[in-house]
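Residue-level structure breakdown
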Amino acid sequence: MIGDKEKHFTGKGTDLSALQSHVEEYLKKDGFTVQTSAPSDKGTVLQAKKGGFLRGIVDADRSLTITISGSPEDFTVRFGIGKWLQDLGVAAIETLVLSELFLVVDVAESAWNIEIEDKLIKDVTTFVG
């Protein structure tokens with residue numbers, strides 16, 4: 001799938017809620033609207049989308065979707081393009097993890113999101129250490 005990347009970390013002892021907050025702030029500083037699911041033992045889902053007139057018309061239902069799952073010593077951060085879910089904050093994470101969060105998109109449509117993903121992956125890797 002284009003634009004679907006995963007980064008696995010072991011032995012880092014990372015505070016996953018601090019990582020979630022860091023990712024949220026990173027995206028907000030870059031002009032994204034961000035929504036986050038309630039944390040659960042299955043993980044957390046963050047969705048981000050850029051505003052703007054044209055972007056709202058072309059891909060209003062698309063978002064950069066990030067999942068953080070696992071434990072502080074063994075966790076995975078997955079980055080992809082997904083469907084913007086209304087009321088993500090109240091959705092059950094178990095449903096989200098089991099559903100198709102990430103969409104298959106063509107290269108032209110996803111090029112911008114892939115660039116953002118690559119920058120975010122580097123930032124997360126630096127944050128985790």
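Residues numbered from 1 in each chain as written. Predicted model: local features only at pLDDT ≥ 70, side-chain atom pairs only at ≥ 80, totals over all residues. Heavy atoms only, no water.

A look at the sheet that holds strand E3 (residues 44–50)
Strand order in the open sheet formed by five strands is E1-E5-E4-E3-E2, and the pairing between neighbours is antiparallel. Taken across any chain shown, the strands that pair with only one partner, and hence form the sheet edges, are strand E1 (5–10) and strand E2 (32–36). Taken pair by pair, the neighbouring strands of this sheet meet at an average axis angle of 20 degrees, ignoring direction. Alignment of E1 against strand E5 (residues 74–83), held across six bridges, turns out to be antiparallel. Residue pairing across strands places Lys7 opposite Val77, the latter belonging to E5. Here helix H1 (residues 16–29) sits on the sheet in contact with E2, E3, strand E4 (62–71) and E5, set at roughly 165 degrees to E4. (Pairing = 2+ DSSP bridges. Helix = DSSP H or I, 4+ residues; strand = E, 2+ residues; numbered from the N terminus. Axes fitted to C-alpha atoms, helices over the stretch in contact; angles between N-to-C directions. Contact = heavy atoms within 4.5 Å.)

Considering the nonpolar core
If you look at the biggest cluster of nonpolar residues, it comprises 20 residues, and the most contacted ones within it are Leu19, Val23, Leu27, Ile66, Val77, Leu120 and Val124. Residue assignment for this core shows that the elements contributing at least two residues are H1, E2, E3, E4, E5 and helix H4 (107–128). For this core, the leading source of residues is H4, giving five residues. For Val124, the contacting residues outside a window of four places in its chain are Phe9, Leu19, Val23, Val77 and Phe79. (Core = buried A, V, L, I, M, F, W, Y, C linked by side-chain atoms within 4.5 Å. Buried < 20%, exposed > 50% of the residue type's maximum accessible area, 1.4 Å probe, protein only.)

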